[in-house]
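# Per-entry structural report
Each chain, written out:
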Amino acid sequence: LVPIMVGAIDAKSEQLYGKVLSEYFDKPGHLFIISSDFCHWGTRFRFTFFDKSQGQIWNSIETLDKMGMKLIEKKSAQEFRTYLEDYGNTICGRHPISVFLQVVNHSETAEIKFVHYEQSSKCHSMSDSSVSYASAICFSSS
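Quick look at the structure, then. Predicted model only: the values in this text are computed from it and were never measured. Along each chain, residues carry numbers from 1 onward, in the same order as the chain's sequence is written. Local features are withheld for residues below a pLDDT of 70 in this predicted model, meaning they are given only at 70 or higher, and side-chain atom pairs are given and counted only at 80 or more; totals for whole chains, interfaces and linings count all residues. To get the side-chain values, all heavy atoms of the structure are used, and hydrogens and water are removed first.

## Thoughts on the environment of R81
To qualify as a helix, a DSSP run of H or I must reach at least 4 residues; to qualify as a strand, a run of E must reach at least 2; elements of each kind are numbered from the N terminus. Inspection of the secondary structure assignment puts R81 in helix 3 (residues 77–87). Judged by relative accessible area, R81 falls into the buried class, the value being 18%. For the pair R81 and L71, spaced 10 residues apart in the sequence, the C-alpha separation amounts to 9.5 Å. A contact between two residues is defined here by any heavy atoms of the two lying within 4.5 Å. Setting aside anything within four residues of it in sequence, one finds R81 in contact with I9, D10, A11 and E14. Relative accessibility thresholds used throughout: buried, under 20% of the residue-type maximum; exposed, over 50%; partly exposed, between the two (1.4 Å probe, protein chains only).

## Here we look at the packing of helix 2 (residues 57–73) against helix 3
Every angle, taken between N-to-C directions, lies between 0 and 180 degrees, and every axis is a line fitted to C-alpha atoms, over only the stretch in contact when it is a helix. Interhelical geometry of helix 2 versus helix 3 gives an angle of 160 degrees and a closest axis separation of 9 Å. Considering the angle they form, helix 2 stands roughly antiparallel to helix 3. Relative to helix 3, the crossing made by helix 2 is left-handed. Contacts between helix 2 and helix 3 involve L64, D65, M67, G68, L71 and I72 from the former and E79, F80, Y83 and Y87 from the latter. Under the scheme applied, nonpolar residues are Ala, Val, Leu, Ile, Met, Phe, Trp, Tyr, Cys and Pro; charged residues are Asp, Glu, Lys and Arg; polar residues are all the others, including Gly. Residue classes in the contact of helix 2 with helix 3 are distributed as seven nonpolar, one polar and two charged. For this classification, under 35 degrees means roughly parallel, over 145 means roughly antiparallel, 65 to 115 means roughly perpendicular, and everything else is oblique. Left-handed is the label given to a crossing in which the near helix is rotated counterclockwise from the far helix by less than a right angle, and right-handed is the label when the rotation is clockwise.

Right, dumping it as structure tokens:
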């Protein structure tokens with residue numbers, strides 16, 4: 001287990017680091033742990049995206065997060081980057097997640113599956129705030 005901190009990097013660097021780390025991914029004895037919150041919603045986070053067609057604010061947040069989660073499960077680094085650019089979702093670990101997506105793209109057997117999702121609170125008004133949390137596992141499909 002080798003801790004690596006990933007800061008704000010561009011797509012080219014994400015690809016480079018993903019390629020470098022990919023040689024360790026499928027080898028026995030290596031464990032990758034990527035940690036990130038998902039949406040930080042509320043005026044104190046300067047992010048208040050709200051799609052009223054989803055009903056309550058918390059539903060809109062969940063829908064937004066799950067859109068990103070589906071792209072991660074799809075292992076699509078480019079679509080995940082486009083999603084972040086389009087919606088501005090405040091996923092703190094967007095760069096480590098993107099590096100990891102580059103890593104798993106070099107594996108023929110890697111699968112990613114989200115297993116749990118929660119919000120710190122259910123936002124009902126624009127004065128509320130919430131942080132989302134999601135857990136995923138990555139495993140070999142062979």
